[in-house]
Amino acid sequence: MNNNDRKFGGRLIDIVLITTIATLTVFIIIFTTTSNEFKFQNASANSQTGNQSGLGTVNSNVEPEISSSATQEIVNTNIEGIRQVNETLKDLNKPYSIQYIKTNFETVNTEINKYISDSKNQYENIIRLKNTVDSNETSSNLGNNLKIEVEMFTHQDRYLSLVFTKNVAIKSNSYDTSIFTLFFNLETGNMVDFKQIVNGDVKNLTSLSDIVRYSIVNNQSYQKHINQEALIKVTEPNWIYYKRFAIIDDSLVLFFNKGEIANSDIVKPTASVSLSSIYSLLSKEFQSGIEDHSVVTVSPPKKDNNSSDKRVALTFDDGPHPTVTTSILDTLDKYDAKATFFVVGNRVEKYADIVIETLARGHEVGNHTWNHENLTKVNSNQVIEQVNATNNAIYNVIDQYPTVFRPPYGAKNDAVISVIDLPVILWTIDTMDWKYRDSTNLLPMVQKSMHNNAIILMHDIHQSTADGLESVLKYLQDEGYEFVTVSEILQSK
Ligand code: ZN
């Protein structure tokens, strides 16, 4: 546990306590008074301006309650059937400005209205509690504020993502930021949850979980701010963690609250993954209109009559390394395991004997660029140079061109892929060995996410990986897995 963790934990306890006390306080007050304080909750009057057509479809029972002194404006948006509500309360004690959406669908409106009502009530309750606690002080109420803003994103004119950003300040200038999202079909009004996006398959979620983690860890602007343990916790392949998402410009975007996976320097942490890169993980409906650039595929088990169908591809990046790679080759031999080594071009000539040895012992050699360049940061000519120079270096040493390619950091986009002739391979399980450098952590990282046809990412430049490898091999062998190269996994597609 580092200081950040404690801070996160401490804040959580604060929030739980405050919420509990606030709830109790409200009950006590409800049972003991009928004073003016409750004008807010009883008020039903409101002033409306703007276009109100279509309001007849909205059930008034689920409308968020509005303070009598709040002003409300309803305006049409450029999406058919979608109206935006702007509601403002200019009250020194508990001011707010809230945006939300009205649709023609009861189900969607109910969800939205519940969120808005809950947000307002929570805000009121916390202020009331603070006022009670601070009643002896001559403190002013300035500094309370609630702001909710909504953004809308359509996907193929058929789906709408709503992203609500809530900022709350209680007697403070610093805001807590949290996110709430809804995703629904614009034609039917049916709500769509994350399960429906990835075909309801936990294996797909597991693959996606790794991809999401990697995209966050490799986001340059997040690097110094990420809380690694918190990140791993809230991106576990469990449906409960995948509630806040949107599809924005053909990318799947996951949202996190301020302080949830990074320190508060990152106000709105997100992870964005292009739909084309996770094509094979999507349900049919979300594949339509998207090009398949997802080379990482968890293929269905092959129907072989007698042999085991369980297979796994171990992959090692960033070598060759004079001692670590050698040690890994020896361990693999003990288990008669074949693996794939993604080598960095500028190391190939220097450690030519190790590349020769790798091939001679039956492993696959892949291309991992010339100097571990992030290919999304250079132009197309440089991408081609990175790939070709490495191809040639490998050919010069083993008389064979590499058969597969893996971009450093998993960083790729359409421009990169379009100029690379080799299959572009990512992974489905990231052992994070580069981060932990702990031999005892390798096996748990594999066990946690293991699935059939997994492609496991490791690095043959860390001695800790070589040291932890045997436990992984033993475990997978006991579980009945056959160790194959990446190309063999791809062939079963
Ligand atoms: Zn690498």
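Remember, it's a predicted structure, so these values are computed and weren't measured experimentally. (Residues numbered from 1 in each chain as written. Predicted model: local features only at pLDDT ≥ 70, side-chain atom pairs only at ≥ 80, totals over all residues. Heavy atoms only, no water.)

The next subject is the sheet that holds strand β9 (residues 251-255). Taken together, the 3 strands give an open sheet; going across it, the order is β8-β9-β10, and neighbouring strands pair in antiparallel fashion. Bordering the open sheet on either side are β8 (245-248) and β10 (270-274), each of which pairs with just one other strand. When the angles between neighbouring strand axes are averaged without regard to direction, this sheet yields 25°. Here 4 bridges tie β8 to β9, and the two strands are oriented antiparallel to one another. Bridge assignment links Ile248 to a residue of β9, and that residue is Ser251. Where helix α5 (residues 202-217) meets the sheet, its contacts fall on β9 and β10, and the angle it forms with β10 comes to roughly 120°. (Pairing = 2+ DSSP bridges. Helix = DSSP H or I, 4+ residues; strand = E, 2+ residues; numbered from the N terminus. Axes fitted to C-alpha atoms, helices over the stretch in contact; angles between N-to-C directions. Contact = heavy atoms within 4.5 Å.)

Of note, Ile82 is situated in the loop between β2 (71-76) and β3 (83-89). Sequence spacing of Ile82 and Met152 is 70 residues, and the spatial spacing of their C-alpha atoms is 9.9 Å. Contacts of Ile82, omitting those with residues within four sequence positions, involve Asn76, Thr77, Ile101, Lys102, Thr103, Met152, Leu160, Phe184 and Leu186.

The subject of this paragraph is the environment of Thr326. With respect to the helices and strands, the residue Thr326 is situated in helix α8 (residues 324-334). Residue Thr326 is classed as partly exposed on the basis of its relative accessible area of 29%. Along the chain, Thr326 and Asp460 lie 134 residues apart, while their C-alpha atoms are 9.0 Å from each other. With sequence-adjacent residues up to four places away left out, Thr326 is seen in contact with His321 and Ile354. Within the structure, Thr326 has its side chain in polar contact with the backbone oxygen of Pro322 (distance 2.8 Å). (Buried < 20%, exposed > 50% of the residue type's maximum accessible area, 1.4 Å probe, protein only. Polar contact = N/O pair within 3.5 Å; in protein donor to acceptor, adjacent residues only side chain to side chain.)

The subject of this paragraph is the side chain of Arg213. Looking at where Arg213 falls in the secondary structure, it is placed in helix α5. For the buried Arg213, no salt bridge is present, and the opposite-charge side chain at shortest range is Asp210, 4.1 Å distant. (Lys, Arg positive; Asp, Glu negative; His and termini not counted. Salt bridge = Lys/Arg side-chain N within 4 Å of Asp/Glu carboxyl O.)

This next bit is on the coordination of the zinc ion. Surrounding the zinc ion are the protein donor atoms Asp318 (OD), His368 (NE2) and His372 (NE2), which sit 2.1 Å from the metal. In primary sequence terms, the donor set of the zinc ion follows D-x49-H-x3-H. (Donors = N, O, S within 2.8 Å, 3.2 Å for Na, K, Ca; no water.)

Val312, Leu314, Phe316, Leu332, Met450, Ile456 and Leu476 are the most contacted members of the largest nonpolar core, which totals 36 residues. Residue assignment for this core shows that the elements contributing at least two residues are β11 (311-317), α8, β12 (340-343), α10 (352-360), α11 (380-398), α14 (442-449), β15 (454-459) and α15 (463-478). No other element matches the 6 residues that α15 contributes to this core. The contact partners of Phe316, leaving out residues within four places of it in the chain, are Ile328, Leu332, Ala339, Thr340, Phe341, Phe342, Met458, Asp460, Thr465 and Leu469. Among the nonpolar cores identified, the runner-up in size contains 35 residues, and Val198, Val217, Ile226 and Leu254 belong to it. (Core = buried A, V, L, I, M, F, W, Y, C linked by side-chain atoms within 4.5 Å.)

In this section: the confidence of the model for the chain. Taken over all residues, the pLDDT of the chain has a mean of 84, while the share at 70 or more is 82%. Mean pLDDT across the elements of the chain ranges from a minimum in helix α2 (residues 39-42), with 34, to a maximum in β12, with 98. Across residues 28-61, confidence stays below pLDDT 50; counting only partners more than four residues off in sequence or on other chains, it has 55 contacts. This model gives residues 297-307 a pLDDT under 50, and the stretch forms 16 contacts once residues within four places in sequence are excluded. (pLDDT = per-residue confidence, 0-100.)

So, on to unusual backbone geometry. Note that the residue after Gly319, namely Pro320, is joined by a cis bond; omega there is 0°. Looking at the element boundaries, Pro320 is found in the loop between β11 and α8. With a phi close to 65°, Tyr409 is a non-glycine residue in the positive phi region. Along the chain, the position of Tyr409 falls in the loop between α11 and α12 (414-418). Taking relative accessible area as the criterion, Tyr409 reaches 34% and is therefore assigned partly exposed. Backbone geometry places Asn453, a non-glycine residue, at a positive phi of 60°. For Asn453, the position within the fold is in the loop between α14 and β15.

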